[in-house]
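Residue-level listing of the chains:
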Amino acid sequence: MGICRREFGACLLGGLAARWLPAASPRTRLIVLVLVENLRADSLDAGNPQLAAGGFRRLLEKGAWFPDCRHLSSTFPACGIANLATGAWPSQHGIVADSWYDRAAGRAVAASEEDLLATTLGAQALAAGARVSVVALTRGHAALFAGTDGARLFFLDESGRFRAAGGAPDWLDSYNQSKPPEAARGAAWMAVNAAPDAPPLRTLTFDGERPQEFLSLYKASPFGETALFDFAGELIGRDKLGQGDDPDLLCILDGSAALLGYETGGRSPLMSQMVLQLDRRLETLLNQLSRAVGENGFNLVLSAAHGAPPEPTPAERPRMAVAGEAIAQAVESGIKSSGSHVEKYVYPFLYLKGGEGDPENFRLLAARAAMEQPAVAGFYTARGACSTHDEWEKRFRNSFHMKRSGDVMLSYRPEYVEDFGAGRGVSYGSLYNYDARVPLFFYGPQFRAGVFESPVEAVDVAPTLARVMGIAEPSSGAGRVLGEALAL
């Protein structure tokens, strides 16, 4: 039977929580991790003249840049966050998707921090005496990254105001009063450097009968993204992060581009503008950090949980938007004569039941039936049978957890997406490079500037930061310390 993170985490951390470990180079008292939920590696162009001097360009010129950081597993938002937080893959940390089927409960369950089967960087930092703070759009993603009850979590509630878990600062109410989301009602989203007479890219319309529609627009726009970074800046100043006796770890989980991506895909003009807006937010944040603790008083790391596929054109959508129920029915027709049945299909996992004999025989039968469908490109079974025996087999294996992933994992063809019935939009979670490849930057006095073209893995981030902070690595880490980026 699987054990939850809380059960073994407390025992494990008790033996690791001594103090900050010694290291070769002087340490800053503040580590800032900017985790953009949706940012494709190819969305950053170093030659883009619209990049500000103090944002991405500052990281490109003065930081350690890894343009090819890979999530070698399923790339659902929850998976990517957990990969970066634990330094492990879903096969170890157990977060196999945003949701999966729980056979005991007889229903799909959403990923949460309670489901983590590995300790996190935040938990290790807290055990070593650091303050850990996470700012995010949702409590669930903030808690998933933190992986510990001792972290301070800040997130937007149903009205778009910030709430706290783990201790609310006394200035939170006054801050919310000074930055009401209602101020963005009817606001125009303008392109960066737009001409004075240019029309808005989008207007954040408000209808009193459907207030949640405005909030959805707000969160999936530069206005929601700005709210996160403004709050993080306030937290740095008010709580004097990096200026106390104890070190600070601050994570900003920027989910705005991920929400927008569900609607528009990864190559829309709006998505390109979100990258430029993020560039401006980074410039402001870096300037705030330099004023608060000095240029050599902080390290900043930026990466992403996943990328995004392009949205299929209207002509392609009937072919490329896959109805999960149709896949399940086709598999059911292919295996019912064997006595086995499809209990549930929650993309990308098939859960089977029934049948006498070796379960792997029924899994292979189901996999072959699925492969008969034009949208399905590959499979992986609970016993490790795979439709391919190359790099993709590793991505399947990293994604599969024996208890939570069911019997068979499927992969659709490139740029195929789930059909949500809305006639547009995309899904995340694939194994393909457009979802799996993200940028990675390390900036600050403990890193050396340079461009490192060799591929690295998302699970390398946590052990590298653990080394920089002088703390023990998370329990199940599969990555390596990126020593080539360290200033010794």
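Residues numbered from 1 in each chain as written. Predicted model: local features only at pLDDT ≥ 70, side-chain atom pairs only at ≥ 80, totals over all residues. Heavy atoms only, no water.

Participant: Before we go on, may I ask you to explain the overall build of the chain in this structure?
Facilitator: Secondary structure assignment for the chain yields 17 helices and 20 strands. Here the chain has a C-alpha radius of gyration of 23 Å; the compact-globule value for 488 residues is 23 Å, and the two agree. Across its three principal axes, the chain shows a C-alpha extent of roughly 70 × 60 × 40 Å. Across the chain, every contact between residues at least 6 apart in sequence was considered, and the portion connecting residues at least 24 apart equals 71%. Entry remark: accessible area of the chain is about 19100 Å², with carbon and sulfur atoms responsible for 50%. (Helix = DSSP H or I, 4+ residues; strand = E, 2+ residues; numbered from the N terminus. Rg over C-alpha atoms; globule rule 2.2 N^0.38 Å. Contact = heavy atoms within 4.5 Å. Areas by Shrake-Rupley, 256 points an atom, 1.4 Å probe, with all protein chains shown as cover.)

Participant: Sorry if this is basic, but what is going on with the pattern of salt bridges here?
Facilitator: Oppositely charged side chains are able to pair whenever their charged atoms sit close together. Tallied over the entire structure, the rule returns 23 salt bridges. We note a salt bridge from K394 to E457, for which the minimum N-O separation is 3.3 Å. One end of the pair, K394, is in helix α15 (residues 391-399); the other, E457, is in strand β20 (residues 456-457), with 63 residues separating them in the sequence. Among the salt bridges present, the one from E484 reaches R480, with a minimum N-O distance of 2.8 Å. Among the ionic contacts, a cluster of salt bridges with common partners joins R103, E343, E360, R363 and D407. (Salt bridge = Lys/Arg side-chain N within 4 Å of Asp/Glu carboxyl O.)

Participant: Hey, could you run me through unusual backbone geometry in this one?
Facilitator: Trans peptide bonds make up the majority, and among non-glycine residues the majority have a negative phi. Y347 connects to P348 through a cis peptide bond whose omega is 5°. By the secondary structure assignment, P348 is in the loop between β13 (340-346) and β14 (349-354). Even without a glycine there, the phi angle at K240 is positive, about 50°. Mapped onto the fold, K240 is located in the loop between α9 (222-238) and β10 (248-254).

Participant: Would you take a moment to explain helix α10 (residues 256-264) for this structure?
Facilitator: It helps to recall that an α-helix has 3.6 residues per turn; residues three or four apart then point in one direction. For α10, every residue scored as buried is listed here: S256, A257, A258, L260, G261 and T264. Of the residues flanking the end of α10, it is G265, one or two places downstream, whose phi is positive at about 80°. (Buried < 20%, exposed > 50% of the residue type's maximum accessible area, 1.4 Å probe, protein only.)

Participant: Whenever I open this one, empty space enclosed by the protein confuses me. Can you help?
Facilitator: Per the counting criterion, the structure on display carries five cavities of 30 Å³ or more. If you add up the space inside the largest cavity, you get close to 100 Å³. Of all the secondary-structure elements, those providing two or more residues to the lining of the largest cavity are β1 (30-38) and α11 (269-293). Of all the elements, α11 adds the most residues to the lining of the largest cavity, at four residues. In this model, the second largest cavity occupies a volume close to 60 Å³. Along the walls of the second largest cavity sit 14 residues, with Y347, S411, Y412, S430 and L431 positioned nearest its centre. When residues of the lining of the second largest cavity are assigned to their parent elements, the largest contribution, four residues, is made by strand β16 (residues 408-412). Of the residues assigned to the lining of the second largest cavity, the class counts are nine nonpolar, three polar and two charged. (1 Å grid on protein atoms, 1.4 Å probe; cavity = no way out; pocket = protein on both sides within 12 Å on 5 of 7 lines; lining within 4 Å. Points joined across faces, edges and corners; volume = space filled by probe spheres on them. Nonpolar A, V, L, I, M, F, W, Y, C, P; charged D, E, K, R; others polar.)

Participant: Looking at this structure, how should I read the state of the cysteines?
Facilitator: Applying the stated rule across the entire model yields zero disulfides. Sulfur of C79: no disulfide; nearest cysteine sulfur belongs to C69 and is 15 Å away. Unpaired in terms of disulfides, C251 finds its nearest cysteine sulfur in C69, a separation of 15 Å. (Disulfide = S-S within 2.5 Å.)

Participant: Can you help me understand the packing of aromatic side chains in this one?
Facilitator: Two aromatic rings are characterised by how far apart their centres lie and by the angle between their planes. Per the stated rule, a full pass over the model turns up 23 aromatic pairs. Ring geometry for F154 against F231: centres 5.1 Å apart, planes inclined by 50°, an arrangement best described as tilted. Here F231 lies in helix α9 and F154 lies in strand β6 (residues 152-156), a separation of 77 residues in the sequence. Given a relative accessible area of 0%, F231 falls into the buried group. Taken together, a centroid distance of 6.1 Å and an interplanar angle of 75° make the contact between W171 and Y175 edge-to-face. Among the aromatic residues, ring-to-ring pairing joins F154, F162, W171, Y175 and F231 into one connected group. A cation over a ring is seen here: R185 above F206, with NZ or CZ 3.7 Å from the ring centre. The side chain of R395 reaches across the aromatic face of W392, ending 4.5 Å from its centre. (Phe/Tyr/Trp six-rings, centres within 6.5 Å; stacked < 30°, edge-to-face > 60°. Lys NZ or Arg CZ within 6 Å of the ring centre and 35° of its normal.)

Participant: Looking at this model, I keep getting lost on the confidence of the model for the chain. Mind explaining?
Facilitator: Note that predicted coordinates carrying low pLDDT should not be read in detail. Put simply, the chain has an average pLDDT of 93, and 95% of its residues get 70 or more. A low-confidence stretch, residues 1-24 stays under pLDDT 50, and its non-local contacts, those more than four residues away or across chains, total 48 contacts. (pLDDT = per-residue confidence, 0-100.)

Participant: I would appreciate a short explanation of the sheet that holds β13 in the present structure.
Facilitator: Within the open sheet, the four strands sit side by side as β13-β14-β16-β15. Their pairing is antiparallel. At either margin of the open sheet sits one strand with a lone partner, and together these are β13 and β15 (376-381). The average angle at which neighbouring strand axes cross in this sheet is 30°, direction not considered. Across the sheet, helix α13 (residues 324-335) touches β13, β14, β15 and β16, and the angle it forms with β13 is around 165°. Against the sheet, α15 engages β14, β15 and β16, with an angle of about 55° to β15. (Pairing = 2+ DSSP bridges. Axes fitted to C-alpha atoms, helices over the stretch in contact; angles between N-to-C directions.)

Participant: Help me out: how do you make sense of the side chain of N176 in this one?
Facilitator: Within the secondary structure, N176 is located in helix α7 (residues 172-178). Note on N176: relative accessible area 7%, which makes it buried. Ignoring anything within four residues of it in the chain, the contact list for N176 reads R161, F162 and R163.

Participant: Sorry, what's going on with the packing of α10 against α11 here?
Facilitator: Each packed pair of helices is defined by two parameters, the angle between the axes and the distance between the axes. At a closest axis distance of 10 Å, the pairing of α10 and α11 adopts a crossing angle of 170°. Overall, the two elements α10 and α11 adopt an arrangement that is roughly antiparallel. Two secondary-structure elements touch here, α10 through S256, A257, L260, G261 and T264 and α11 through L270, M271 and M274. (Parallel < 35°, antiparallel > 145°, perpendicular 65-115°, else oblique.)

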